[in-house]
Amino acid sequence: MRFDLVDLQLFIAVAETRSITNGANRVHLALASASARIKGLEAALGVSLLQRGRRGVELTPAGESLLDHARIVMHNVDALRGDLAAFSRGVKATVRFLANTSGLSEYLPKALAAFLSQHPHISIDVEERESADIARAIASGAADLGLAAEHALPDGIERIPYSEDRLVLVTARQDELSNRRQVDFREVVERDFVGLITSSALHAHVTGHAARLGARLRFRARLNNFDAIGQMVSAGIGVAVMPEVAAKRCARSMKINVVRIRDPWANRRLAICARSFKSLPKPAQQLVEHLRKMAPK
């Protein structure tokens with residue numbers, strides 16, 4: 001059985017857009033050609049992959065299975081293409097790594113810099129994602145490694161404990177909550193907030209939990225790093241939710257206080273994760289070992 005990479009790219013596009021027309025546009029094929037390729041793929045496999053309707057298409061169970069495998073194949077093709085192209089730059093391998101906001105901002109920069117200094121022929125593509133998205137990407141083969149909140153990882157994903165990642169409330173020292181040891185998130189959802197930009201994984205995480213309480217957080221300012229957020233909080237602009245490690249670092253030089261959030265979702269552990277650590281390419285295995293050695297104690 002032979003598979004055409006164009007057919008797999010097309011099928012992924014159709015599955016993600018739930019439309020043969022939109023899928024064809026995404027991969028720059030004419031609608032008639034795309035439709036013929038999908039029918040040819042179904043004929044070659046001997047199964048129906050799509051249920052066609054007036055509102056678009058839905059995947060059959062066979063289509064869902066093909067989508068999982070097609071994503072893995074195309075990820076490996078992209079990795080092959082990237083690794084071979086990297087030879088011209090003197091780089092011989094690329095590790096695709098996803099991390100949540102606190103992992104990317106507080107833990108990884110120093111650790112990755114040390115690793116890259118020790119391994120000049122390895123490069124790392126790092127992308128920020130919410131922990132649940134990281135779990136899905138690892139499961140589908142779209143990334144080699146992740147650093148994510150352990151509670152978001154399903155049983156089928158291997159993980160190595162990395163660090164505590166508690167989320168806390170940060171207030172100005174003159175705030176009425178500043179002397180509290182802990183607070184329920186429900187108590188503060190009506191307050192003015194200072195937060196990260198909307199594209200950040202932590203923003204999605206915090207606003208999602210507010211929505212579960214029936215609240216929409218009111219942001220006075222959105223910034224792209226925790227130091228800037230700490231300065232705003234210190235000035236009394238609003239309260240903020242940030243990782244405890246970042247909050248304590250900011251508190252050493254800013255007039256802010258750190259208050260623990262009592263809700264269970266705020267008490268997290270970060271874990272290094274992969275589909276199978278033994279099956280990782282050697283560069284990714286080297287990175288895992290490096291991160292284990294540099295994990296916060």
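Along each chain, residue indices are assigned from 1 in the same order as the chain's sequence is written. Only residues with pLDDT of 70 or above have their local features reported here, since the model is predicted, and side-chain atom pairs are shown and tallied only from 80 upward, although totals for entire chains, interfaces and linings are computed over all residues. Processing note: side-chain calculations cover all non-hydrogen atoms of the structure and skip hydrogens and water entirely.

1. Regarding the sheet that holds strand 6 (residues 158-164)
With mixed pairing, the 5 strands of this open sheet are ordered in space as 4-3-5-13-6. Every other strand in the sheet has two partners, leaving strand 4 (122-128) and strand 6 as the edge strands with one partner each. Recorded for the sheet is a direction-independent mean angle of 20° between the axes of neighbouring strands. DSSP bridges decide pairing: two strands pair if at least two such bridges lie between them. Under the scheme used here, helices are H or I runs from DSSP no shorter than 4 residues and strands are E runs no shorter than 2 residues, and both carry numbers assigned from the N terminus. In terms of strand pairing, strand 3 (residues 93-99) meets strand 4 through 7 bridges, oriented parallel. Of the residues in strand 4, the one forming a bridge with Phe 97 is Val 126. In this description, contact between two residues means that some pair of their heavy atoms is separated by no more than 4.5 Å. Lines fitted to C-alpha atoms define the axes here, with helix axes fitted over just the stretch in contact, and angles between the N-to-C directions of these axes take values from 0 to 180 degrees. Sheet strands touched by helix 10 (residues 282-294): strand 3, strand 4, strand 5 (145-149), strand 6 and strand 13 (269-274). Its angle to strand 3, the strand with the most contacts, is close to 50°.

2. With respect to helix 5 (residues 101-118)
Here a helix's expected span is defined as the number of its residues, less one, multiplied by 1.5 Å. The first and last C-alpha atoms of helix 5 sit 25 Å apart over 18 residues, in line with the 26 Å expected at 1.5 Å per residue. Each residue is assigned a bend, namely the angle between axes fitted to the seven residues that terminate at it and the seven residues that start at it. Taking the largest bend as the criterion, helix 5 deviates by roughly 60°, centred on Leu 108, and proline Pro 109 comes between one and four positions later. Those residues of helix 5 not exposed but buried are Thr 101, Ser 102, Gly 103, Glu 106, Tyr 107, Leu 108, Ala 111, Leu 112 and Phe 115. Buried means the residue's accessible area, taken with a 1.4 Å probe over protein chains only, is under 20% of the maximum for its type, while exposed means over 50%, and partly exposed covers the values in between.

3. Observations regarding the pairing of strand 9 (residues 192-196)
Counting buried residues along strand 9, 4 of its 5 residues qualify, which places the element largely inside the surrounding structure. Both strand 9 and strand 10 (residues 218-223) contribute to a ladder of 5 bridges, which runs parallel. Its bridge partner being in strand 10, Val 194 is matched across the sheet by Ala 221. Classification remark: right-handed applies to a crossover when, strands pointing away from the viewer, the course from the first strand over the helix to the second runs clockwise. Tracing the backbone out of strand 9, into helix 7 (residues 201-212) and back to the parallel element strand 10 gives a crossover that is right-handed.

4. A short note on helix 7
With 12 residues, helix 7 extends 17 Å between its outermost C-alpha atoms, agreeing within 8% with the 16 Å of an ideal straight helix rising 1.5 Å per residue. Those residues of helix 7 that fall on the buried side of the exposure criterion are Ala 201, Leu 202, His 203, His 205, Val 206, His 209 and Ala 210. The first or second residue beyond helix 7 is Gly 214, which carries a positive phi of 80°.

5. Some points on the side chain of His 290
Of note, His 290 is situated in helix 10. When near neighbours in sequence (up to four residues on either side) are disregarded, His 290 contacts Ala 111, Ala 114, Phe 115 and Gln 118.

6. Examining the packing of aromatic side chains
Only Phe, Tyr and Trp rings take part, Trp by its six-membered ring, and two of them pair if their centres are within 6.5 Å. Stacked means planes under 30 degrees apart, edge-to-face means over 60, and tilted covers everything else. Tallied over the full model, the rule gives 4 aromatic pairs. Seen in terms of ring centroids, Tyr 107 and Tyr 162 are 5.9 Å apart; in terms of plane orientation they differ by 90°. Their pairing is edge-to-face. Note that Tyr 107 is positioned in helix 5 and Tyr 162 in strand 6, a separation of 55 residues in sequence. Overall, the relative accessible area of 13% leaves Tyr 107 in the buried class. A centroid spacing of 5.1 Å and a plane angle of 85° characterise the contact between Phe 185 and Trp 265, whose relative ring orientation is edge-to-face. Highlighted residues: Phe 185 in the loop between strand 8 (182-183) and strand 9 and Trp 265 in the loop between strand 12 (256-261) and strand 13, separated in sequence by 80 residues.

7. Here we look at the side chain of His 209
Structurally, His 209 is set in helix 7. By relative accessible area, which is 15% here, His 209 ends up buried. Each residue touching His 209, except ones within four places of it in the same chain, is listed here: Phe 185 and Trp 265.

8. Quick word on unusual backbone geometry
In this model, Arg 18 sits at a positive phi of 55°, which is unusual for a non-glycine residue. Here Arg 18 falls in the partly exposed class, since its relative accessible area comes to 32%. Even without being a glycine, His 28 presents a positive backbone phi close to 60°. For His 28, the location among the structural elements is in the loop between helix 2 (20-26) and helix 3 (31-45).

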